[in-house]
Structures are given as C-alpha cells and as structure tokens.
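What follows is the residue order along each chain.
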2 protein chains.
Amino acid sequence: MNRIGKSTLVFNNKPRVIGNYSIVGPKEGRGNFAQYFDKILDDDTLGENTYEKAECRLLEQTVKNAIGNAKLHPNDIDFMIVGDLMNQITSSSFSARSLQIPYLGVFGACSTMAESLALGAVLVDGGFANNVVCGTVSHFSSAEIQFRYPLELGTQRPPTSQWTTTASGATVLAPHKTGVAVTHATIGKVTDWDVSDVNNMGGAMAPAAYETLKQHLNDLSIDPDYYDLILTGDLGKLGSEVLMDLMEHDGIHLGVNYSDCGQMMFKNTQKTFMGASGCGCGASILNSYVMQRLKNKSLKNVLFMATGALLSPLTCQQGESIPCVAHAVVLKGEDYV
Amino acid sequence: MNRIGKSTLVFNNKPRVIGNYSIVGPKEGRGNFAQYFDKILDDDTLGENTYEKAECRLLEQTVKNAIGNAKLHPNDIDFMIVGDLMNQITSSSFSARSLQIPYLGVFGACSTMAESLALGAVLVDGGFANNVVCGTVSHFSSAEIQFRYPLELGTQRPPTSQWTTTASGATVLAPHKTGVAVTHATIGKVTDWDVSDVNNMGGAMAPAAYETLKQHLNDLSIDPDYYDLILTGDLGKLGSEVLMDLMEHDGIHLGVNYSDCGQMMFKNTQKTFMGASGCGCGASILNSYVMQRLKNKSLKNVLFMATGALLSPLTCQQGESIPCVAHAVVLKGEDYV
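Reading the values: the criteria
Residues numbered from 1 in each chain as written. Chains lettered and ligands numbered in written order. Predicted model: local features only at pLDDT ≥ 70, side-chain atom pairs only at ≥ 80, totals over all residues. Heavy atoms only, no water. Core = buried A, V, L, I, M, F, W, Y, C linked by side-chain atoms within 4.5 Å. Buried < 20%, exposed > 50% of the residue type's maximum accessible area, 1.4 Å probe, protein only. Contact = heavy atoms within 4.5 Å. Phe/Tyr/Trp six-rings, centres within 6.5 Å; stacked < 30°, edge-to-face > 60°. Helix = DSSP H or I, 4+ residues; strand = E, 2+ residues; numbered from the N terminus. Lys NZ or Arg CZ within 6 Å of the ring centre and 35° of its normal. Axes fitted to C-alpha atoms, helices over the stretch in contact; angles between N-to-C directions. Parallel < 35°, antiparallel > 145°, perpendicular 65-115°, else oblique. Left-handed = near helix turned anticlockwise from the far one by under 90°. Nonpolar A, V, L, I, M, F, W, Y, C, P; charged D, E, K, R; others polar. Least-squares fit on C-alpha atoms with pLDDT ≥ 70 in both. 1 Å grid on protein atoms, 1.4 Å probe; cavity = no way out; pocket = protein on both sides within 12 Å on 5 of 7 lines; lining within 4 Å. Points joined across faces, edges and corners; volume = space filled by probe spheres on them.

1. Points about the nonpolar core
L123(A), L331(A), L123(B) and L331(B) are the most contacted members of the largest nonpolar core, which has 102 residues in total. What L123(A) contacts, discounting residues up to four positions off in sequence, is F79(A), I81(A), L104(A), F128(A), A129(A), V132(A), L9(B) and V122(B).

Below, the structure written as structure tokens:
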C-alpha cells in the first residue's frame, strides 16, 4: 500500500522535479521575492484586452516555460493537471486548449498547487506517466472582479483582507533518478469552523491547515522540526498566527521553520494588510525561492501546504460559511531522499 | 509503464466497482431509464430553499448511498473525487464538508464522471487507496440560472438546445477480485473547432468526443466493435450524429453499439429538443442502467466517454468559442476482465 496513516500518499518511486517556472505581476515583482522569480511582468494585461484572458495567457506562458525548463516540448508531456480561481476554471481549460496536452482540470481554490502536485506525483509514481506538468495561476484583477467589486469602485479594503497575487507557478514531474523529489502528500478534508467573513480568508483557512498538518504529522509519526521549512500557501499574517496558536494549544510548537507565502510575498510598505492570497501566491514562491533553495541544498526537507477557501460569491450571498481545505506535499533535496 | 499509446492509462490491477448509486429528478424519472435509477425525487428542491443547496444535497445523498451500497461507511473511504458545474464547484466542496472524506475537487464540466473515475482508478490501481468514491451532479434549475437566464423569464429554447438533467451518480472503486472492473482510461485534449453557439453544446462537444475516441482506438489498436457499448455522455441527438459523421468520414463506422446518454435520457414527448445534458446525465445512466447490465452480464465491455464543454458565461461574453474535452473509461463485466 502506497499510503501511510489515514490520508498520506507515499511516493516510493520518488517522482522528481525536472522543470519549474514562475511568473509574477509588477507589484509582486517589487515584493520580497523579486530576485527569485523567473519572470516579472511589466504589464499585467500581457497584451490582452481583458484580465481573464491575461490570466489565461499567464498560466499558458508559465506552463510552457516550465516545460522548456525541463528541456522538453509540450508534445513530450503526458498530462497537464491545472486549476485556477475563475468560474469553470476557464484559465486552465483555455491554456490546455492552446498547449494541446491531455488535460485534467482540478479545483481546490488556493490549495490547487498542492492538489495538482499530489495528483501529478501519483501518476508518475504509479507508472502512469513519464512527464506531468502541474500548475496554477491567479490574477488580482480577474479575482477582484469575480469575487468582490468592480475595480473602478476603488472599494475600501478591511484590515483583515489579503491581496490576490498576480502570479503563476508550474512544475514538471518525471520518474528521474536525480533532482528534487516529491515523497509524500496528505490530502485534506473540507474544514469549516463557521467563519463567514469573506474579507478574512486567513482566519477561515487556518483551521483547514491545522487539521491537515496534524493529520500529516500523525500519519508520518513526526514532529514539525522534522522539516527545515513548513510553508503554508496563503494564510497571511492573521491566518498563520491562528495556525500557530491552534497548534500551540495542542502542545505542538511551530517555530522558526514555519512560514507562510501570503505573509512573506509583499513588503510591509506595499499596503496589502494581512499579505497576499491567490493560488499563484504559493505556486510562484514554491517554484522559485523554494525550488532554488532545495536545488542549492540550503533546504533539504520541505512541507508545502497550500490552503484553499472553497466559497463562491453565491454561497456567501446564500448565508453559508466558508468551507476550506489544505493539502500538503513533501519535497526533498536530492541528497536527502 | 501503466500507459499504452499516447494517453491511455492501463489499470493492471483492475480496480472494481464495489458500490454505485443514482438519483434523478422528477422529469428524469418519467424518462426512458425510470426503471433503472435507484431513486427518483418527488421534489427537486430536496427540501432546500435554493436550487444550489438542493444540488449539493443531491450529490451528498448520492455519494452517501453509493458508499452504503458498497456496505461501507464514509469513514472507510480514503478519497472523494467529485466535481460539478457550479462556479467554484461548490456542490462538491459543500458535500465533502458534510461527508468528511479527504477531498480532491475536479472540474471537467460534463466530462467530470469520466475524469473522476479515471483518477479514482489511478489511486486504487497504484495502491494509493483502498476505497475511493467518484461522482458528479447537475441540477436543471441551478445550471439554467448560472449559465443562461432566470427561470422566471420562461426564455424560449432554440431547437439545438439540450435540457440539463437533475441527476447525480457515484461509484465506489476498490482493489477487489470480483465485480465490474475499470481497465483503461483515455485522457482527452481540449478540442475547439470554433463553435461559439452556447445553445448547441452537442455540436461543440462532438469534435472532442471524436478526438478522444480516435486516440483511444488507436492507443489500444482496436475497432469500435471491440465494445458491446460505446456510450457518450451528453452529445444529444445532433452531437451524436456529428460524432458518427466525423468517424464515418475517417472510415470508422459507429454502429448499433454506439449510444449517447443525452439522446436517450428523455422520451421524445418530453420536449427537450436535442435531449439531455449536464454531468449528472451520463453519471446517472452509467451508475444505473449500465452498471446493472454489466453486473447481470448482458453487457461485457463498455466504453463510457463523457464530454464536457469548458465554457463559462464570461468567456462567451468575451467572444471566445467553446473549448471541449472528452475522457473515456473502459468498464468490463467480471467474467471478461
């Protein structure tokens, strides 16, 4: 059985990262990770006449470049596992249309990068695929229009809000013998602690991260200090504090090895309140800073845990609270597999 | 390698169907498959005050009953792979919230049942899971509101239109030695032949079915008569004729062993023009009529090919044509594995 505990997949054949790429928007390019991203856009429209088309183009370029980074052509890729925040994940489907790779669309909101990596690793580890590309994208402007208000309104943002990143990240996995390996993935349950404030995504998602992290540590019988980096996707400043508090309450201390992509993406001067969000946030930091440090061996053992708020504007209007999910993926440097 | 040809997954361990269930709405319950469905609703609101909540409840009940049909409890299920047509697949996420099964959300529009079955079979075949539940749902009223017009308008339907089914189907897969087996799955590419008429889904999706069917036959080096039933999801009358024409043009004859769920669901007197659509259409017929015939051995070898139109109202408004996808899954009766 390639599973340990209740819900942790074990990849005994150790699928490897053979290519990865990240592209971010101009604001993200002035943030804390500027030096790590593969490409920083000057123009977040990418020459398109709508932000939705721009988002699609952003994912397409990221996936294509990740494949190029693996020294492959889209024809060499067996399956493309991608998702995004748009209604009917159209950025993903339209990207798959132009790339012409057999397509598995997934939806996990901002947990998508972890879900796609987990499923990609399953396909490679199980011998179902040679090369799989996994990825996701988010765009500030398309997300704002769809989930909140027209940009032109200039609506005031509450202090608990996060800023949806314009960013995309993609990873190519293959059954190689060298390179960063994906060794485990814990698939989360949907967790809802009755938070219904759509301007407090971090607070809503923290319990899902807590449940999945506890399950993961329990399944593998390890402590948090097993990892030299535990990285949540986009809980932001408030959400990551809630996660640390919840863990502390159970006697588990998340120390200096814990960080959150949402908290770290932007500089404090960039006025994003609780930090960044959006599925591109964790995906772009994973596929730049984290992969580079795993490759240069300054990191050896990383738990990447992306969290997603599975709401829609309609479910909020109908009075529902916000169901959330978190999936965790273990990445190891090649000397530590 | 557990793959044959370009994009067909091979399940050497033959994951088996150990439980399945179908629930349909009142109109579907007066159609051609009335005697096969497990449950026919008297009330398509399921007691909820919105159609979106009704759709969520419908999926939840179907999944729960499929698990019960497998003589299992939701706690026994390792992973739940579901998707639907709603924005941010909220019917699936909210069902997963109440069922508390580790959750992998997928989106393939009306191809979802095939996508979830394929991924479920991968997890079971690869030894990553013991029990996986796969499923999908659609609801006439929630889909009409979201994709077309308010129901109260009574908008006239054009002759090429199809009627979104209120229906749900779910399948439990496990590594058993007996029962209906899933042996192969072909993952489709996104195909777009520039159809932009949102009232002609069958015409838009037929090329995707054509591409995937050709790929499948080619990957396995077989002819259509290898199967005693080739069943497309919901091409409807027009779409299934287009598929037959396209195949005929390539010298491949789809004969009496070819049918389409969308064409067959309703009686001609039910005024649905080109027939049924919606991801619940194929899912409910697969998990009733087809499974029953595979179990009673009047069918031995079935290719279930669900097709999805990956549009959103927004992409149409922005002048895009309709990208489509089709995934195919092979199901075999236990004496023919």
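Picking up after the structure, the text goes on.
2. Focus: the packing of aromatic side chains
Centre distance and the angle of the planes are the two values used to describe a pair of aromatic rings. Counted by the stated rule, this structure contains 15 aromatic pairs over all chains. Ring centres 5.9 Å apart and planes at 55 degrees place the aromatic pair F11(A) and F128(B) in the tilted group. Here F11(A) is found in the loop between β2 (8-10) and β3 (16-24), whereas its partner F128(B) is found in the loop between α3 (112-125) and β7 (132-138) on a different chain. Take F11(A): its relative accessible area is 0%, and that puts it in the buried class. We classify F128(B) as buried; its relative accessible area is 0%. Their ring planes at 80 degrees and their centres at 4.9 Å tell us that Y36(A) and Y289(A) sit as a pair that is edge-to-face. Pair noted here: Y36(A) is in the loop between β3 and β4 (39-40) and Y289(A) is in helix α8 (residues 279-295), with a separation of 253 residues, a long-range link. A residue is classified by how much of its surface remains accessible, and Y289(A), at 16% relative accessible area, is buried. We note K27(A) situated over the ring of F266(A); from NZ or CZ to the ring centre the distance is 5.7 Å. In this structure, K27(B) is placed above the aromatic ring of W163(B), and the distance from its NZ or CZ to the ring centre is 4.0 Å.

3. Section: the packing of helix α1 (residues 51-69) of chain B against helix α2 (residues 90-99) of chain B
A pair of packed helices can be characterised by two numbers: the angle between their axes and the separation between those axes. Residue and element names in this part refer to chain B. Contact geometry for α1 and α2: axes closest at 8 Å, N-to-C directions at 50 degrees. Comparing the axis directions of α1 and α2 gives the class oblique. The two elements α1 and α2 cross, and the hand of that crossing is right-handed. Here E52, E55, C56, L59, E60, V63 and K64 of α1 come into contact with α2, specifically with S91, S92, F94, S95, S98 and L99. Of the residues contributing to the contact of α1 with α2, the split by class is five nonpolar, four polar and four charged.

4. Structural notes on the relation of the copies chain B and chain A
Take chain B, turn it by 180 degrees, move it 0.0 Å along the axis, and it overlays chain A with an RMSD of 0.0 Å. Read as a symmetry element, the transformation amounts to a two-fold axis. For chain B, the smallest separation between a C-alpha atom and the rotation axis is recorded for V106(B), amounting to 2.0 Å. When you check the interface residues of chain B against chain A, 100% turn up at the interface there too, and the contact is symmetric in its surfaces.

5. Overview of the layout of surface pockets
By volume, the largest pocket is sized at about 760 Å³. As for the largest pocket, its lining consists of 37 residues, and the residues nearest its centre are E144(A), F147(A), R148(A), Y149(A) and N199(A). When residues of the lining of the largest pocket are traced back to their parent elements, those giving at least two are α4 (140-147), β8 (163-164), α5 (201-220) and α9 (313-317) of chain A. Counting residues per element, the lining of the largest pocket draws most heavily on α4(A), which supplies four residues. Tallied by class, residues from the lining of the largest pocket come to 19 nonpolar, 14 polar and four charged. Counted as a void, the second largest pocket has a volume near 360 Å³. Lining the second largest pocket we find 21 residues, and of these F147(B), R148(B), V198(B), M201(B) and L311(B) sit closest to its centre.

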